[in-house]
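# What the coordinates show
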Amino acid sequence: MQQILNQGYGYGFAVGLGAAFALLMVFITRVLAKYMGQVQNSERFTTASRSVKAGLISSATVSAWTWPATLLSSGAWSYAHGISGGYFYAVGGALEVTLFMFLAIQIKRRAPAAHTIPEIFQVRFGKWGHITFLCYCMATNVLTSALLLLGGSQAFATTTGMHTVAASFILPLGVIVYTALGGLKATFVSDWIHTVIIYVILLVLIFYMFCTSSLIGSPGKMYELLKEAQILHPAPGDSYLSFRDSDMNFLAWSVTLGNLCSVFGDPGYAQRAIAADARSVFEGYLMGGLCWWIIPMGLGSSAGLACRALLNNPVSVTYPNELTDFEVEAGLPVIYGMTAIFGKSGAAAALVMLFMSVTSATSAELIAFSSVVTYDLYRTYFRPRASGKELVLAAHTFVVAFGIFMAALSTVLNYVGVTVGWLLSFVGIILTPTVSIVILTLFWNKMTCLSLVIGAPVGTITGVVCWVGATYHYGNGVVDKTTLMITEATFIGNIVALGSTPIYVAIISYLKPDQVPFDMDVLATGFELADDVDEEGRKAIVVTDAEKHVLKKQVWTSALANSIILFGCHILVPLALYGSGYESTKAAFVAFIVINIIWVVLASAYIILTPLWQGRESIWTVTLALIGKLPDSKDEADSHESVEILVSPKDAASSH
């Protein structure tokens, strides 16, 4: 394994960038409190006053779903399997986000006053149903957070020689500071800044690689290099330019199904739905999914393929050898590919992207965990009459405590020898039952508490048993950490855990039904706001009839969009290409790369410019105040309607 950069880069990025972002977020939080009247209370800390517009919801969705695995695994898949790798990773991940639109819309329709998604279970099922889902929810939160830090720390360690323990603890340090001080509001601003930086680096990479680089310089040259690579190092399937690769297909579906729980069961995604303005949920998640799609596909089709195409060139980090299995599993093809194209500056740029993905996604997990523990444990079971100040103090405490805990867990997993790919498969099989129980809770009024308490754990056990059994079969009687990663076995475990749970829930609900089906309208009034809620917070929990009508129509639009992505992009196109054995021609490959380039430009423009446009009035107000053109007194600040950062005051007022 090649160490490309020295430790100074690792510690410099982790400490320097972390401190810079912490100071920036603290400054923004203070400015908002002083000039926009956004004094931190419990409702604003947890829900961002439920008034965030579509642009910031989209950028936050992209940020939360751009894990280190997004950047690293998409490139590794492209390196190992060719053009199908980046495509499969992208379409699978985008589908998971767009499917969550159904849930996000339903949360705004049914439970606009909820602080967390487990709170909905508490109102719907009472204590035992709440505790059951809380176990799944917090397990998803914990394992997802550990996976984020594990991927980031391993990449920093292998690229710079930085110690993995140091990386695990230093990377989240700045995030803990600004999340604890700024709450969900700070994470939205941070998400936007981080995402902008990732898009800028991706734009530079793609345009330089396919337009001016002396090593590649055009999509046509990349095509020729991949044809040569097929001769020197044959692909697992027919070709690096073909979709005829059974391992890739099994792996793609296994990860897609497994990662569903990382969206549906992760409180961070529900937190964004709760924070969104009712009219912004659909656009925010749809555009977030489409804009996220191009990050793994674009990165895999550029850096990932470049790492493969340039193996026979002295610029390759591993020249003249292929990457080892460990290097591929650690996601290093992206870093090696960018190094081959740009030299050490490429490796540094890759580390910046990794830092952005780790810290932005970590901030979402921190605030989600803090909110769940504050409202679903502390207030529900320990201090039901807690004041707003006590809730804020508890939330701050839990942010810091969880940040330290996730760093420690990442360290343990690293020393045990767990890789990002292994943990992805494990998380999916164990926690996939959350997908169906969340959907049924919000959409089916005949689901019972007993079916939840029994059905979800039995679904998990069924998935694990089938996973181990399939491993025993496909692994020739050997079951260990390595054979458990056999793609057929992980696919079987994921599909069984996902599919069996709703069957168990339905059977139990019909065998022992409740005397009266649950009245879904109860969810609209079953939540208690803290005593420090302001007028903006009270208005935000009221969804007007007009907004409900819009949300109802958007459910059907979501169904159409997801049908196109699922059946068209994830099933029909790959199966047709697989069954026909089609190998891309040069013209088709060039068209594919051109589409990638156009998509990156459009996605970047939307994510960068839309939040600025939607928040233009707030930005102008703050700018005038900072240059001394507006009074900075508290009375003047309070005269403005309090709005979320980058949310237009005019729009926020008219929406209510």
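Residues numbered from 1 in each chain as written. Predicted model: local features only at pLDDT ≥ 70, side-chain atom pairs only at ≥ 80, totals over all residues. Heavy atoms only, no water.

### Overview of the overall build of the protein
For clarity, the cut-off: A run of H or I in DSSP becomes a helix once it reaches four residues, and a run of E becomes a strand once it reaches two; helices and strands are each numbered from the N terminus. Both definitions apply: the radius of gyration is a C-alpha atom measure, and the globule rule equals 2.2 Å times residues to the power 0.38. Here the term buried applies to any residue with accessible area under 20% of the maximum for its type, exposed to any over 50%, and partly exposed to those in between, with areas from a 1.4 Å probe on protein chains only. Residues scored as positive are Lys and Arg, those scored as negative are Asp and Glu, and His as well as the terminal groups of each chain are ignored. Where a charge lies is defined by one atom per residue type, namely NZ (Lys), CZ (Arg), CG (Asp) and CD (Glu).
Helices and strands together make up the secondary structure of the protein, namely 26 helices and zero strands. Here the C-alpha radius of gyration of the protein, 24 Å, is about what a compact globule of 656 residues would show, namely 26 Å. Once the C-alpha set of the protein is aligned to its principal axes, its extents read approximately 70 × 70 × 45 Å. The 656 residues of the protein split such that 62% are buried. The distance from the centre of the 35 positive side-chain charges to the centre of the 41 negative ones in the protein is 5 Å.

### Topic: the nonpolar core
To keep things clear, this is the line we draw: By convention a nonpolar core is built from buried Ala, Val, Leu, Ile, Met, Phe, Trp, Tyr and Cys residues, the set being connected through side-chain atoms within 4.5 Å. Here a residue-residue contact requires only that any non-hydrogen atoms of the pair lie within 4.5 Å.
In terms of nonpolar packing, the biggest core is built from 198 residues, with Phe 100, Ile 216 and Met 222 touching the most fellow members. Considering every element that reaches this core, the biggest residue donor is helix α6 (residues 117-160), with 18 residues. Not counting chain neighbours up to four residues away, the residues in contact with Met 222 comprise Met 209, Phe 210, Ile 216, Ser 301, Ser 302, Leu 305, Ala 306, Ala 309 and Phe 589.

### Notes on the pattern of salt bridges
Worth spelling out the cut-off: Salt bridge criterion: a side-chain nitrogen from Lys or Arg within 4 Å of a carboxyl oxygen from Asp or Glu.
The tally for this structure, following the rule as stated, stands at eight salt bridges. Residues Asp 191 and Arg 272 are paired through a salt bridge, measuring 2.7 Å at the closest nitrogen-oxygen approach. Of this pair, Asp 191 sits in helix α8 (residues 173-212) while Arg 272 sits in helix α11 (residues 267-275); the two residues are 81 residues apart in sequence, bridging distant segments of the chain. A relative accessible area of 0% places Asp 191 in the buried class. Judged by its relative accessible area of 0%, Arg 272 falls in the buried class.

### What to know about the packing of aromatic side chains
So the rule is basically this: A pair of Phe, Tyr and Trp rings is counted when the ring centres sit within 6.5 Å of each other, with Trp represented by its six-membered ring. The angle between the planes then sorts it: under 30 degrees is stacked, over 60 is edge-to-face, the rest tilted.
This structure, assessed with the given rule, holds 21 aromatic pairs. Consider the rings of Trp 77 and Tyr 89, whose centres lie 5.1 Å apart with planes at 75°: the pair is edge-to-face. Taken together, the positions of Trp 77 in helix α4 (residues 68-81) and Tyr 89 in helix α5 (residues 83-110) put the pair twelve residues apart, joining distant regions of the chain. Neither residue differs from the other here; Trp 77 and Tyr 89 are each classed as buried. Between Phe 250 and Phe 491, the aromatic rings sit 5.5 Å apart at their centres with planes inclined by 70°, giving edge-to-face as the arrangement.

### Focus: the environment of Ala 306
Mapped onto the elements, Ala 306 comes out in helix α12 (residues 281-309). Sequence separation of Ala 306 and Gly 615 is 309 residues, and the distance between their C-alpha atoms is 39 Å. Once you skip the residues sitting within four places of it in the chain, Ala 306 turns out to touch Met 209, Ile 216, Met 222 and Ile 341.

### Quick word on the environment of Ile 404
Mapping Ile 404 onto the fold places it in helix α16 (residues 388-416). For Ile 404, the contacting residues outside a window of four places in its chain are Phe 169 and Ile 176.

### Things to note about the packing of α4 against α6
Packed helices, taken two at a time, are described by the angle their axes make and the gap between the axes. Put simply, the test is: A fitted line through C-alpha atoms represents every axis, and for helices the fit uses only the stretch in contact; the resulting angles, taken between N-to-C directions, go from 0 to 180 degrees. Oblique is the label for every angle not falling under 35 degrees (roughly parallel), over 145 degrees (roughly antiparallel), or within 65 to 115 degrees (roughly perpendicular).
Close contact between α4 and α6 brings their axes to 9 Å; oriented N to C, the two are set at 60°. With respect to α6, the element α4 is oriented oblique. Of α6, the residues touching α4 (which contributes Pro 68, Ala 69 and Leu 72) are Leu 147, Leu 148, Gly 151, Gly 152 and Ala 155.

### Observations regarding the side chain of Gln 154
For clarity, the threshold we go by: Whenever two N or O atoms come within 3.5 Å, that pair is a polar contact, provided that in protein one can donate a hydrogen and the other can accept it, and provided that, for residues adjacent in sequence, both atoms are side-chain atoms.
For Gln 154, the location among the structural elements is in helix α6. Within the structure, Gln 154 has its side chain in polar contact with the side chain of Asn 414 (distance 3.1 Å).

### Looking at unusual backbone geometry
A cis geometry characterises the amide bond from Tyr 319 onward to Pro 320, with omega recorded as 0°. Secondary-structure assignment places Pro 320 in the loop between α12 and α13 (325-329). The backbone phi angle of Asn 476 is positive, close to 55°, even though this residue is not glycine. By the element assignment, Asn 476 lies in the loop between α19 (449-474) and α20 (487-511).

### Topic: the confidence of the model for the protein
How we decide: In predicted models, pLDDT denotes the confidence assigned by the predictor to each residue on a 0 to 100 scale.
Of the residues in the protein, 92% reach a pLDDT of 70 or more, and the chain-wide mean stands at 85. Across the protein, the element-wise mean pLDDT spans from 38 in helix α26 (residues 649-654) up to 95 in helix α23 (residues 586-614). Segment residues 632-656: pLDDT under 50, and 66 contacts once partners within four positions in sequence are set aside and those in other chains are kept.

### Structural notes on the environment of Ile 565
Within the fold, Ile 565 resides in helix α22 (residues 545-580). In this structure Ile 565 comes out as buried when scored by relative accessible area, which is 6%. Each C-alpha atom of the pair Ile 565 and Ala 347 lies 33 Å from the other, and the pair is 218 residues apart in sequence. With near-sequence residues (within four places) excluded, Ile 565 lies in contact with Val 91, Leu 95, Thr 98, Trp 293 and His 570.

### Concerning a nonpolar patch on the surface
The cut-off we apply is this: For patch detection, residues must exceed 30% relative accessible area and be free of salt bridges, and they are connected within 9 Å for like charges or within 5 Å for nonpolar side chains (Val, Leu, Ile, Met, Phe, Trp, Tyr). Per-residue and other accessible areas follow the Shrake-Rupley method at a 1.4 Å probe size, with only the shown protein chains counted as cover for residues.
Taken together, the side chains of Trp 128, Leu 450, Val 453, Ile 454 and Val 458 present a nonpolar region at the surface, about 410 Å² in accessible area. If you tally residues by element for the nonpolar patch, the top one is α19, at four residues. Mapping Ile 454 onto the fold places it in helix α19.

### Description of the state of the cysteines
The condition that has to hold: The disulfide definition used here is simple: a pair of cysteine sulfur atoms within 2.5 Å.
Going through the model one piece at a time under the given rule, you end up with zero disulfides. Cysteine Cys 135 is unpaired, with the sulfur of Cys 137 as its nearest cysteine sulfur at 10 Å. We note that Cys 261 lacks a disulfide partner, and the nearest cysteine sulfur, in Cys 137, lies 11 Å from it. With relative accessibility at 0%, the residue Cys 261 sits in the buried group.

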